[in-house]
Amino acid sequence: MKRIASIQDISCLGKCSLTVALPVISAMGVECAIVPTAVLSTHTMFTGFTCKDLSDQLLPIADHWKKENLHFDAIYTGYLASKEQCAEVCEFFDRVMDENTLIFVDPAMADNGKLYPAFSAEFPKEMAKVCAKADVIVPNLTEACLMTDTPYKTNYDESYIRTLLQKLLALGAKKAVLTGVSFEEGKLGAMRMDQEGNVFSYFTDRLPVSFHGTGDLFSSCCVGAMMRGASLEQALTVAADYTAETIRATLENPDHAWYGVDFEATIPYLVKRLEQM
């Protein structure tokens, strides 16, 4: 069985970060070890949330795992609690990974043109250093712009996205994926570029709603599918379809919560989809 170490926060309520990554990756038949960067009472879209920083635990966990000679097929990072944690996570990579470990980074820090409330203006530059060590990065448009000092646009063409992908690759990652990309009304998806300039894109129907945590769902599904043997292109397709299906199912539930999607209800869809790969 493949093993992923997921480094991100635990939001006790909110359906995001580790409370999405752990069940989704496990349902995909992949072991998910966790490295909590912080414990929050809720995700940051709630007001008055509590937060306990766990920076002092990251490298001791890495050292213990190294002592036990544990191998991880992938290390997957999401929400990091501070700019100082970015440096610690880079060191975590160096202590735990080997030549066969995939580094998958979701620089979860911003959306809709703005940083999340907990972050300072210096944070994107530190996150860019984490992305520099990755095999695959999956920022959304806001995160990509912040890390590359690119003006954020809501109206753009394909050349703007290609240029942004090139800037992301210049940070050092082997492959860059931009999520939340749209070139036509009613469609939303992702575009991937590698260091050779090869491009792949995939789009689903755009649903008229936005939920917190869908980026975590997409990333968890993507890295899980890669551990199941899917190419990045196949994994992006599965992840996009699963995310869209989950949003659709959530909207059909009149009692759904405002703070996250009903991914629990669509795990059977994901399992069946994996069987068809």
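The present account deals with the structure reproduced in this document. (Residues numbered from 1 in each chain as written. Predicted model: local features only at pLDDT ≥ 70, side-chain atom pairs only at ≥ 80, totals over all residues. Heavy atoms only, no water.)

Notes on the overall build of the chain
- Assigned secondary structure in the chain consists of nine helices and eleven strands.
- Taking the principal axes of its C-alpha atoms as reference, the chain extends roughly 50 × 40 × 40 Å.
- Residue burial in the chain is summarised as follows: out of 277 residues, 54% are buried.
- The contacts of the chain with a sequence gap of at least 6 include a subset with a gap of at least 24, amounting to 67%.
- As displayed, the chain offers around 12,100 Å² of accessible surface, 50% of which is attributable to carbon and sulfur atoms.
- Across the chain, 24 positive and 36 negative side-chain charges occur, with their mean positions spaced 3 Å apart. (Helix = DSSP H or I, 4+ residues; strand = E, 2+ residues; numbered from the N terminus. Buried < 20%, exposed > 50% of the residue type's maximum accessible area, 1.4 Å probe, protein only. Contact = heavy atoms within 4.5 Å. Areas by Shrake-Rupley, 256 points an atom, 1.4 Å probe, with all protein chains shown as cover. Lys, Arg positive; Asp, Glu negative; His and termini not counted. Charge placed at Lys NZ, Arg CZ, Asp CG, Glu CD.)

What to know about the sheet that holds strand β4 (residues 74–77)
- A sheet is described by the order of its strands in space; here nine strands give the open sequence β3-β2-β1-β4-β5-β8-β9-β10-β11, paired in mixed fashion. Across the chains shown, the open sheet's two edge strands, defined by having one partner strand only, are β3 (51–53) and β11 (199–205).
- By the bridge criterion, two bridges tie strand β8 (residues 136–137) to strand β9 (residues 175–181) in an arrangement that is parallel. By the bridge assignment for β9, Val 136 is matched with Lys 175. (Pairing = 2+ DSSP bridges.)

Let's talk about the packing of helix α1 (residues 18–27) against helix α7 (residues 214–227)
- Orientation of α1 relative to α7, taken along the N-to-C sense of each, is 35 degrees, at an axis distance of 9 Å. Between α1 and α7 the crossing geometry is right-handed. Residues Val 20, Ala 21, Val 24 and Ile 25 of α1 form the contact with α7, whose own contacting residues are Asp 216, Leu 217, Ser 220, Cys 221 and Val 223.
- Residues belonging to the contact of α1 with α7 are distributed by class as follows: seven nonpolar, one polar and one charged. (Axes fitted to C-alpha atoms, helices over the stretch in contact; angles between N-to-C directions. Left-handed = near helix turned anticlockwise from the far one by under 90°. Nonpolar A, V, L, I, M, F, W, Y, C, P; charged D, E, K, R; others polar.)

What to know about the side chain of Ser 219
- Its location among the elements puts Ser 219 in helix α7.
- Filtering out sequence-adjacent residues up to four positions away, Ser 219 remains in contact with Tyr 76, Phe 104, Asp 106 and Val 138.

Details of the pattern of salt bridges
- Tallied over the full model, the rule gives 16 salt bridges.
- Taking the shortest distance from any N to any O, the salt bridge between Glu 158 and Arg 162 comes out at 3.0 Å. One end of the pair is Glu 158 and the other is Arg 162, both in helix α6 (residues 158–170) and four residues apart, which spans about a single turn.
- Lys 187 serves as the salt-bridge partner of Asp 205, at 2.8 Å between the closest nitrogen and oxygen. In this pair, Asp 205 is assigned in strand β11 and Lys 187 in strand β10 (residues 187–194), connecting sequence segments 18 residues apart.
- Beyond isolated ion pairs, a larger network of salt bridges with shared partners links Lys 15, Asp 262 and Glu 264. (Salt bridge = Lys/Arg side-chain N within 4 Å of Asp/Glu carboxyl O.)

A few points about helix α5 (residues 141–148)
- Within α5, seven of the eight residues are buried, leaving the element largely enclosed by the surrounding structure.
- By the burial criterion, the buried members of α5 are Leu 141, Thr 142, Glu 143, Ala 144, Cys 145, Met 147 and Thr 148.
- Considering only its buried residues, α5 is in contact with β6 (110–111), β7 (114–115), α4 (123–132), α6 and β9.

Considering the packing of α5 against α6
- In the contact formed by α5 and α6, the axes pass within 10 Å of each other and the chain directions differ by 55 degrees. Classified by the angle their axes make, α5 and α6 are oblique. The handedness of the crossing between α5 and α6 comes out as left-handed. Along the contact surface, α5 presents Leu 141, Ala 144, Cys 145, Met 147 and Thr 148, while α6 presents Tyr 160, Ile 161, Leu 164, Lys 167 and Leu 168.
- A class-by-class count of the residues in the contact of α5 with α6 yields eight nonpolar, one polar and one charged. (Parallel < 35°, antiparallel > 145°, perpendicular 65-115°, else oblique.)

Here's the deal with the packing of aromatic side chains
- Going through the model one piece at a time under the given rule, you end up with twelve aromatic pairs.
- Between Arg 3 and the ring centre of Phe 72, over which it is positioned, the NZ or CZ distance is 5.6 Å. (Phe/Tyr/Trp six-rings, centres within 6.5 Å; stacked < 30°, edge-to-face > 60°. Lys NZ or Arg CZ within 6 Å of the ring centre and 35° of its normal.)

Some words on the side chain of Thr 179
- Take Thr 179: it is sitting in strand β9.
- According to the relative accessible area criterion, Thr 179 is buried, its value standing at 16%.
- Those residues within four positions of Thr 179 in sequence are excluded, and the remaining contacts are Val 138, Pro 139, Asn 140, Leu 141, Gly 189, Ala 190 and Phe 218.

Quick notes on the environment of Gly 78
- With respect to the helices and strands, Gly 78 occurs in the loop between β4 and α3 (83–96).
- On a C-alpha basis, the gap between Gly 78 and Ile 267 in space is 21 Å, while along the polypeptide they are 189 residues apart.
- Sequence-distant contacts of Gly 78, defined by excluding residues within four places in its chain, comprise Ile 7, Gln 8, Asp 106, Ala 108 and Met 127.

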